[in-house]
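# Reading the structure
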Amino acid sequence: MGFRSRARAREASALFLPTEPKGIRNCVWVSSGDTCCGSSRVTALTPARMRFLATSAPRPLRPTSSTRDARSRFCASSPQRRIWRSYCAASSSLRPPRPPSPSPAFAFAFALARPAASMALEAARSIPLEAALAECTEALNCFLRNQFSESLEMLQPRTRESMYHALIYATILEMQAMMTFEQEDIAHAGHTMKEAQEICQRFRRKNVASGAFSGRTGGESCTEEELHAEVCYAECLLHRAALTFLQDENMVNFVKGGLKVRSSYLIYRELSSCLQPSRLPASSVRAHLEGGIALGIGAFNLTLSLFPPRILKLLEFAGFSGDKDYGLQQLHQGATTTPNLRALLCTMLLLCYYTFLTFILGVGEDDFTEAEALLSPYLSRYPKSAIFLFFAGRIEEIKGNINEAIKKFEEGCSAQQAWKQFHHMCYWELMWCFAYKGMWKMAYFYADLLSKENRWSKAMYVYMKAAFLSMLPRGEPRPFGEDEVALFRQVSSFKQKIAGKSPPTEKFAIRKARRYKASEHTPLPVPALEMMYMWNGFTVLRKQQELLEGTLNTLTQAEKQLQEVPASEYQVDDKCLVLLLKGLVLKHLHSPAEAEACFSAVHASEKRIRYDHYLVPNALLELSLLYVGQGRNEEAVRLLRKAKNNYKNYSMESRTLFRIHAVLSKLKALQEENGADGATPS
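Notes on the structure in this doc start here.

## Overview of the nonpolar core
Counting 190 residues, the largest nonpolar core has Trp 432, Tyr 463, Phe 468 and Met 531 as its most contacted members. What Tyr 463 contacts, discounting residues up to four positions off in sequence, is Phe 488, Val 491, Ala 509, Lys 512, Ala 513, Leu 524, Pro 527, Glu 530 and Met 531.

Structure follows, in structure tokens:
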């Protein structure tokens, strides 16, 4: 084996051959049909040339009768032996010894005889798919038992050989990075996920024309391993896009992340449309393949369906589409099909949807049967799992069982100490649980812990600390001697960006804290309750009469204080805020007439509001929900359309639009179910 020129031989020697004294490497090449030996000094290769040499197959070396040097004569029949003799001849040895085994020269000849890509592919296929999936399933079981380090140790040795080991290993690192929010962890997780994608690429079937998967042309002829590789590859793209949004702030990288999402979506769409379950190969690992497809299709359809129509039209123009019912059906299928490696991810996505998305971005539905049915078998199998204890606490919280929720969150914190980031998730919920009960010092305590230990949104944590302190009576001592005014003034210094933009809640907190910059400032009336409304927390308060009455007393006192203080530029805004929150409490206390009067008063003050313009569209939204509860659906639709179309560029606009979209979708579904005439929700 050899090369057709001295230059190519010199470059190959720089990659494979050991360096002789004084930086000299020996090499063999072919020139004018003759086989020659020689040596060259080490020269640096460009990265592009290195990639070319690493991926190109070498040309066989041809023995010839003529020669320039007697040392180049070949007297052996084996190609490997001939290269060994040539190498030894170039080292000034006329009688080469019998090659030892193993030896660097023999390894060099063996590498040249077989292309590197072929060797890598064979090595990657050394682990049977069934065995790889079994090992990864066991690693996930360790993860759910809070044995996080053991789980990573089980996966790491085979991340270079198995696409599933590489994918699950990178996914766990990604989860850790998203919770710590340390840029070093995010960068490491992104690099690991990129390597996992490269492992998956080795197993993929290539379309000759475009280099991309096409179910119509190659889906049916793909082997089972190649189909698994397509699913894993699409999953890696999606994870890398999420990490790109977290890590990079410039528009170029944001676009790159969007392209990864689209590529992943197209692969899942091709797999779903062209590979029906009945046409998949029947084997012991088929359920894992079906689960992977169900995870991708379900996640995309569910997520896209949540967007308001205005945004969805832009996404449809880019080739995306979403169907909520179909997405939920696919995720439920993936969560309940066993054995299935993606069942855990499908279950966690559904739990996030039922306990967070529908709660924060919806109308606060009271049906928790689906979430409890999904969680119950996992809690039975992993009773001390920090993840599932967290979701159990979350379900109790939104059901209004605050004391039981606190107990579950505290159990989740004590279940493990390896990953403190799981504690931070519980701290956030514990903070709100004590805020619902009006225990402002306890709520402050957890906000203080988050501000010191967590990096997700320090501006938000510091704002909440100040907000809880401001809810205490003026003469009451503050914990640790902290002052809410000083804390409010620090909020803007902790501003950060995610995916190139500041989070809406953080922007809202910075804008609200801005009034404390002045030496003669006007305090916020009820900042903790205002932020509670932004997180849709009043739907939790409505489950307990005692909590509602305590909140009403707090709002009544704030209303009296606003009447006593001198007039200021914030007076109308503050009064309207108290009216909006008071109307919500009165609605849940079954006083609809008084609640309607509060919402209407906010709407009537529209032209006098100077800063908090978000109050008017939200007052219309709450008034429409009051009408829906009274069966006045047509009036509700008119108010929702007005809130949706007449107000732009206000604080937390996207969250309000999500909630409006949820109410309109609910009304449309009711109308189709009953076949009623009237205003069409849209």
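## As for the environment of Leu 664
As for its position among the elements, Leu 664 is in helix α32 (residues 653-674). Note: C-alpha distance between Leu 664 and Ala 636 (28 residues apart in sequence) is 9.1 Å.

## Topic: a nonpolar patch on the surface
Together, Met 439, Met 442 and Phe 445 make up a nonpolar patch on the protein surface, roughly 230 Å² of accessible area in all. By the element assignment, Met 439 lies in the loop between α20 (420-436) and α21 (440-453). Classification of Met 439 by relative accessible area gives partly exposed; the value is 34%.

## Remarks on the packing of helix α13 (residues 286-305) against helix α15 (residues 324-336)
Contact geometry for α13 and α15: axes closest at 7 Å, N-to-C directions at 150 degrees. In terms of orientation, α13 and α15 fall into the roughly antiparallel class. Crossing of α13 against α15: the hand is left-handed. Here α13 contributes Ala 294, Leu 295, Ile 297, Gly 298, Ala 299, Asn 301, Leu 302 and Ser 305 to the contact with α15, which in turn contributes Lys 324, Tyr 326, Gly 327, Leu 328, Gln 330, Leu 331 and Gly 334. The class makeup of the residues in the contact of α13 with α15 is eight nonpolar, six polar and one charged.

## Examining the environment of Leu 344
In this fold, Leu 344 is placed in helix α16 (residues 343-360). Once the C-alpha coordinates of Leu 344 and Asn 141 are considered, the two residues, 203 residues apart in sequence, prove to be 10.0 Å apart.

## Some details on unusual backbone geometry
One non-glycine residue, Asn 146, lies in positive phi territory at about 70 degrees. Structurally, Asn 146 can be placed in the loop between α6 (129-144) and α7 (148-155). Residue classification places Asn 146 among the buried residues on the basis of a relative accessible area of 12%. In the Ramachandran plot, Asn 649 falls in the positive-phi region, its phi being about 60 degrees despite a non-glycine side chain.

Conventions we followed
- Residues numbered from 1 in each chain as written.
- Predicted model: local features only at pLDDT ≥ 70, side-chain atom pairs only at ≥ 80, totals over all residues.
- Heavy atoms only, no water.
- Core = buried A, V, L, I, M, F, W, Y, C linked by side-chain atoms within 4.5 Å.
- Buried < 20%, exposed > 50% of the residue type's maximum accessible area, 1.4 Å probe, protein only.
- Contact = heavy atoms within 4.5 Å.
- Helix = DSSP H or I, 4+ residues; strand = E, 2+ residues; numbered from the N terminus.
- Patch = residues over 30% accessible without salt bridge, like charges linked within 9 Å, V, L, I, M, F, W, Y side chains within 5 Å.
- Areas by Shrake-Rupley, 256 points an atom, 1.4 Å probe, with all protein chains shown as cover.
- Salt bridge = Lys/Arg side-chain N within 4 Å of Asp/Glu carboxyl O.
- Axes fitted to C-alpha atoms, helices over the stretch in contact; angles between N-to-C directions.
- Parallel < 35°, antiparallel > 145°, perpendicular 65-115°, else oblique.
- Left-handed = near helix turned anticlockwise from the far one by under 90°.
- Nonpolar A, V, L, I, M, F, W, Y, C, P; charged D, E, K, R; others polar.

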